[in-house]
Amino acid sequence: MHVVSGDGLIVVDKPGGVTSHDVVARVRRLARTRRVGHGGTLDPMATGVLVIGVGRATRLLTYVIGADKSYSATIRLGQATVTDDAEGDVISTTPAGGLTEDAVRSALVALTGEIDQVPSSVSAIKIDGQRAYKRVREGENVELPARRVTVSRLEVLAIRREQPDVVDVDIDVACSTGTYIRAIARDAGRALGVGGHLTALRRTAVGGFRLAEAVTLDELERRAPDLVDLPLAVAAQRFFPRRDASADEAKVLSHGGPLDPVGLPGPYAVFDPAGGLIAIVSERAGRARAEIVLAPA
């Protein structure tokens, strides 16, 4: 008999050099199920927190994708690249050795708070049905529209001058979903007139899921097929406010019916008397309605 991994989330520490899709494919094989997805792409160069959903928990991933993220990163000033990171060819070099620390810090302060950010042209955003990075690789000049993002924290950890003509800046960032750290590197470099790109990126948190609890792919190989760290109910309780339903309410909700509101801002997770997750619910127009029902049919 083949044991299949249960429904839930896995917090993976993605290694460099693999795509987020590669990680999903590996987990599918190890968990022996097709129902696997991830909660927000990390570039191949990037490492760190990648939240993977297995089974019914894949339906929670839309909420995970929308969560705030935290990163540690290194920006290299003095070189611009086609991809705004170290994966792409250098397209311009301008000696940056003369930059003062104050100038570097000011450029980064200007990229903090609510900003209109133009995503990196080499991104997974679709233009007329085709991903932007594909168009760039085919030689097109891609201009993406700016979008409003929030950089709630941008801390400069170190400014290093280990090589002539370039300045490396280690930063710690907390931001809303859809923020490109590569674009921060590009924009800081542009503002300083020397160009900039990202040489390292590590995602340290997605919502409340942190690097400290992340497991490596090697650890998952050893644990297979029992991969899930956070079973469905535990994962939901970590991510959402909790409401406990009576047996009658649980029955109504599991069949898609509405409940009376309790004044909790949604979305929130509703649990049955046995502690099982029934649904993710939000309140509007005087009713509490399921956005997704997760109770097994």
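To be clear, the structure that these remarks concern was listed above.
Residues numbered from 1 in each chain as written. Predicted model: local features only at pLDDT ≥ 70, side-chain atom pairs only at ≥ 80, totals over all residues. Heavy atoms only, no water.

Considering the environment of G266
Just so we agree on the cut-off: Counting from the N terminus, the helices are DSSP H or I runs at least four residues long and the strands are E runs at least two residues long. When a residue's accessible area, from a 1.4 Å probe over protein chains only, is under 20% of the maximum for its type it is buried; when over 50% it is exposed; and in between it is partly exposed. Whether two residues are in contact is decided by their heavy atoms, any of which lying within 4.5 Å being enough.
Note that G266 resides in the loop between α8 (247-254) and β16 (268-271). Here G266 falls in the partly exposed class, since its relative accessible area comes to 41%. A C-alpha to C-alpha distance of 18 Å links G266 and T177, two positions 89 residues apart in sequence. When sequence neighbours within four positions are dropped, the list of residues in contact with G266 reads V281 and S282.

Some remarks on the nonpolar core
Selection criterion: The term nonpolar core refers to a set of buried residues drawn from Ala, Val, Leu, Ile, Met, Phe, Trp, Tyr and Cys, joined through side-chain atoms within 4.5 Å.
I75, L77, L108, V169, I171, I181 and I184 are the most contacted members of the largest nonpolar core, which has 32 residues in total. Elements that contribute at least two residues to this core include exactly β4 (69-77), α3 (101-109), β10 (147-160), β11 (167-175), α5 (181-191) and β12 (196-206). Each residue touching V169, except ones within four places of it in the same chain, is listed here: A73, T74, I75, L77, V104, L108, V156, A158 and I159. Counting residues in each nonpolar core, the second largest holds 24 residues, with A57, A214, A235 and L277 among its members.

Points about the pairing of strand β1 (residues 8-14)
Filter applied, for reference: Strands are labelled as partners when DSSP assigns at least two bridges between them.
The buried fraction of β1 is high, at seven of seven residues. Sheet analysis places β1 next to strand β14 (residues 230-231), joined by two bridges and oriented antiparallel. In the sheet register, L9 faces β14, and the bridge partner there is L230. As defined by bridge partners, β1 adjoins strand β3 (residues 47-54) across seven bridges and the pair is classed as antiparallel. Of the residues in β3, the one forming a bridge with I10 is I52.

Focus on helix α1 (residues 20-31)
Note the threshold: In a helix, the anticipated span is given by 1.5 Å times the number of residues less one. The arc refers to the directions leading from the helix axis to the C-beta atoms.
The end-to-end C-alpha separation of α1 is 16 Å, in line with the 16 Å expected for 12 residues at 1.5 Å each. Every buried residue of α1 is accounted for by S20, V23, V24, V27, L30 and A31. The buried residues of α1 occupy an angular sector of 130 degrees when projected down its axis, which confines them to one face. Those residues of α1 that are exposed and angled more than 90 degrees off the buried face are H21 and R29. Tucked into the core, α1 has its buried residues touching β1, β2 (36-38), β3 and α6 (217-223). Positive phi shows up at R32, right after α1, with a value of about 60 degrees.

Concerning the packing of aromatic side chains
Heads up, the condition is: Note on aromatic pairs: the rings of Phe, Tyr and Trp (six-membered ring only in Trp) are paired at centre separations within 6.5 Å, and the planes decide the class, stacked below 30 degrees, edge-to-face beyond 60, tilted for the rest.
Taken as a whole, this structure holds three aromatic pairs when the rule is applied. Where F209 meets F239, the ring centres are 5.6 Å apart and the plane angle is 10 degrees; that geometry is what we call stacked. Taken together, the residues span a long stretch of sequence, with F209 in strand β13 (residues 209-210) and F239 in helix α7 (residues 232-239) at a distance of 30 residues. Here F209 falls in the buried class, since its relative accessible area comes to 1%. Classification of F239 as partly exposed rests on a relative accessible area of 24%. Here F239 and F240 contribute two aromatic rings whose centre-to-centre distance is 5.3 Å and whose plane-to-plane angle is 70 degrees, an arrangement assigned as edge-to-face.

Regarding α7
For α7, every residue scored as buried is listed here: L232, A235 and A236. All buried residues of α7 project into a common sector of 95 degrees when viewed along the axis, lining one side. Against β1, β13, β14, β16 and β17 (277-284) lie the buried residues of α7.

Things to note about the sheet that holds strand β18 (residues 287-293)
Here is the rule: With axes taken as lines fitted to C-alpha atoms, and helix axes fitted only over the stretch in contact, angles between N-to-C directions fall between 0 and 180 degrees.
Strand order in the open sheet formed by four strands is β15-β16-β17-β18, with mixed pairing between adjacent strands. At either end of the open sheet lies a strand with only one pairing partner, and these are β15 (242-244) and β18. When the angles between neighbouring strand axes are averaged without regard to direction, this sheet yields 40 degrees. Bridge analysis of β17 against β18 gives six bridges, and the strand direction is antiparallel. Counted as the bridge partner of A279 is V293 from β18. Along the sheet, α7 contacts β15, β16 and β17; its crossing angle with β16, the most-contacted strand, is approximately 140 degrees. Where α8 meets the sheet, its contacts fall on β15, β16, β17 and β18, and the angle it forms with β17 comes to roughly 80 degrees.

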